[in-house]
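# Analysis of the macromolecular model
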Amino acid sequence: MDCEYFGECGACRVYEGGYEHQLSLKADINQERFRPYYDGSISLFRSPESHYRSRSEFKIWHTDDDIHYAMNRIDKNGVVLIDECPQVSEPIFALMPKLLDAIKKHDIGFKLFGADFLSSTRGETVVSLLYHRKLDEQWREIAQSIASELGIYIIGRSRGQKLVVGQDYVTEHLDVDGSEFRFNYIENSFTQPNSKVNEQMVSWALKNLPKTKSDLLELYCGAGNFTIPFSLKFRKVLATEISKSSINAAKANMALNGVENIEFIRMSVEEFVQALEGVREFNRMRDIDIDSYDIKTIFVDPPRSGMDVATCEFASRYDNILYISCNPETLARDLDTLCKTHSVADMALFDQFPYTHHAEMGVRLIRKGSIS
């Protein structure tokens, strides 16, 4: 994890003026960036100013006979030693000094080089301790004692080894417009790091989905963060994701929420397009009756690299496009293609990553000449 802040971590600022100034700068930069595609006002969704990160990674830095949490400086020139980090969620914030004391007390810091934290808003926490040595039964017994004492789950990781004390996931509860959704977030896999902003993103997306009796196609579905709430607005949902662990988590989360109208497929976007066009046949599609779907809406949430031209052109086949992006630069590039056939009807900026230069964007596009 890189330290995005000037000076000591407690200063917590990249921009002079604190949270309000950095948010205003992001809003101005992106309003101007997307002016060629959208002349309306971009809706702005704020983050809590502190204790917003439910997923955080720290180095463990050894100095003489002591150990500390640390992060790389943003310029990669050395590290910042961390006494406390106000960006992390309150459960993680409270746990960090207690865990470090327990590691020192029980003398399990040898060859320890990292600590990854994952918490839910209700306080459930998994900590992954990363080692440059093989872990034995004695380590497991000590970890069990620490986990019991601190009320957490602990995972020990070294090359080719994963020892789980308790479980390797937390259960998150998202409150979206008065409806509760539950998700198992698995250690060492992607989850939205800012739960409060995530709730706002899902809410905004739901409001921007068209009222329809047709079906939804989702690309890059991850563990179902959007898919499961979306399923309540469509007859059926077909969702694709290349990661096997994410697909397994998505299916588990579907069952956790009692949802039955989603079909998840583990395949890349390129493979899925080939299957739809009859270029290739895939065993993973053999139980999918694609002709039974009436898809008029597509939702995409790609990685930072965005979508390539072929995927943009594929998305342009559908009347309604909803696009969540974690990289405004690649989003602007993709809109060059999408706006040949579609018009932007709404845009939003979600401050998923406060005190950094990053922003999450949401875009709703409708086919030119159609009624929104």
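Residues numbered from 1 in each chain as written. Predicted model: local features only at pLDDT ≥ 70, side-chain atom pairs only at ≥ 80, totals over all residues. Heavy atoms only, no water.

The next thing to look at is empty space enclosed by the protein. By the definition in use, this model includes 2 cavities of 30 Å³ or more. Roughly 60 Å³ of volume is contained in the largest cavity. Lining the largest cavity are N184, Y185, I186, S189, F190, T191, A223, S245, S246 and A249. Grouping the amino acids of the lining of the largest cavity by side-chain chemistry returns 5 nonpolar, 5 polar and no charged. In this structure, the second largest cavity occupies an estimated 40 Å³ of space. (1 Å grid on protein atoms, 1.4 Å probe; cavity = no way out; pocket = protein on both sides within 12 Å on 5 of 7 lines; lining within 4 Å. Points joined across faces, edges and corners; volume = space filled by probe spheres on them. Nonpolar A, V, L, I, M, F, W, Y, C, P; charged D, E, K, R; others polar.)

As a rule of thumb, non-glycine residues mostly have phi less than zero, and peptide bonds are mostly trans rather than cis. Residue H51 is not a glycine yet carries a positive backbone phi of 55°. Inspection of the secondary structure puts H51 in the loop between β2 (43–45) and β3 (55–63). Residue H51 is classed as partly exposed on the basis of its relative accessible area, which comes to 27%. Although it is not a glycine, D64 adopts a positive phi angle of roughly 55°. Within the element layout of this structure, D64 appears in the loop between β3 and β4 (66–73). (Helix = DSSP H or I, 4+ residues; strand = E, 2+ residues; numbered from the N terminus. Buried < 20%, exposed > 50% of the residue type's maximum accessible area, 1.4 Å probe, protein only.)

Let's shift gears to the packing of aromatic side chains. This structure, assessed with the given rule, holds 14 aromatic pairs. Note on Y19 and Y355: the rings are 5.9 Å apart at their centroids and 70° apart in plane angle, and the pair reads as edge-to-face. Taken as a pair, Y19 in helix α1 (residues 18–33) and Y355 in the loop between β17 (342–350) and β18 (360–367) lie far apart in primary sequence, 336 residues in all. Assigned by exposure class, Y19 and Y355 land together as buried. When the centroid spacing of 4.9 Å and the interplanar angle of 20° are considered together, the rings of F45 and F350 count as stacked. With a gap of 305 residues between them, F45 in strand β2 and F350 in strand β17 connect regions that are remote in the sequence. Grouping aromatic residues by their ring pairs yields a cluster made of Y19, Y52 and Y355. The ring of Y293 has K236 lying over it, and the distance from NZ or CZ to the ring centre is 4.0 Å. (Phe/Tyr/Trp six-rings, centres within 6.5 Å; stacked < 30°, edge-to-face > 60°. Lys NZ or Arg CZ within 6 Å of the ring centre and 35° of its normal.)

With that settled, the discussion passes to the layout of surface pockets. Quantified by volume, the largest pocket comes out at close to 970 Å³. Forming the walls of the largest pocket are 40 residues, and the residues nearest its centre are R55, F190, T191, P193 and F353. Secondary-structure elements contributing two or more residues to the lining of the largest pocket are β3, β11 (179–186) and α6 (244–256). With 3 residues, β3 is the largest single contributor of residues to the lining of the largest pocket. Among the residues forming the lining of the largest pocket, the class breakdown is 17 nonpolar, 13 polar and 10 charged. The space that makes up the second largest pocket amounts to roughly 260 Å³. Elements with a contribution of two residues or more to the lining of the second largest pocket: α6 and β14 (262–266). Classifying every residue of the lining of the second largest pocket gives 4 nonpolar, 2 polar and 7 charged.

This paragraph deals with the state of the cysteines. A complete count under the given rule lists 0 disulfides for this structure. There is no disulfide at C312, and the cysteine sulfur nearest it, in C339, is 10 Å away. The exposure class assigned to C312 is buried, which follows from its relative accessible area of 1%. (Disulfide = S-S within 2.5 Å.)

We now examine the confidence of the model for the chain. Predicted coordinates in areas of low pLDDT are best not read in detail. On average, the chain scores 91 in pLDDT, and the residues at 70 or more come to 95%. Between residues 1–15, whose pLDDT stays under 50, and residues either more than four places distant or in other chains, the model counts 48 contacts. (pLDDT = per-residue confidence, 0-100. Contact = heavy atoms within 4.5 Å.)

Time to look at helix α7 (residues 269–276). Buried within α7 we find V269, E271, F272, V273 and A275. Looking at the buried positions of α7, the neighbouring elements they touch are β12 (215–219), β13 (237–241), β14 and α8 (309–315). Just downstream of α7 lies G278, where phi reads positive at about 75°.

Among the structural elements, V170 can be located in strand β10 (residues 169–176). Spatially, the C-alpha atom of V170 lies 6.8 Å from that of V126, the residues being 44 residues apart in sequence. Not counting the four nearest positions on each side in its chain, V170 is found in contact with L118, S119, S120, E124, T125, V126, F183, N184 and Y185.

Right, let's talk about the pairing of β11 for a bit. Where β10 lies against β11, 8 bridges are found, and the strand directions are antiparallel. By the bridge assignment for β11, D175 is matched with E180. Linking two consecutive strands that pair antiparallel, namely β10 and β11, is a turn of 2 residues; a positive phi of about 55° is found at D177 within it. (Pairing = 2+ DSSP bridges.)

Quick look at the pattern of salt bridges now. Here the structure, examined in full by the defined rule, presents 17 salt bridges. Residue K26 pairs with D351 through a salt bridge whose shortest N-O separation is 2.6 Å. Here K26, found in helix α1, pairs with D351, found in the loop between β17 and β18; they are 325 residues apart in sequence, far enough to count as distant. Judged by its relative accessible area of 4%, K26 falls in the buried class. In this structure, a network of salt bridges that share partners links the residues R157, K162, D168 and E187. (Salt bridge = Lys/Arg side-chain N within 4 Å of Asp/Glu carboxyl O.)

All right, on to the side chain of E199 then. Inspection of the secondary structure assignment puts E199 in helix α4 (residues 195–208). Residue E199 is classed as buried on the basis of its relative accessible area of 12%. From its side chain, E199 meets the backbone nitrogen of D175 in a polar contact 2.9 Å long. Here E199 is in contact with H173, L174, D175 and V176, once residues within four sequence places are set aside. (Polar contact = N/O pair within 3.5 Å; in protein donor to acceptor, adjacent residues only side chain to side chain.)

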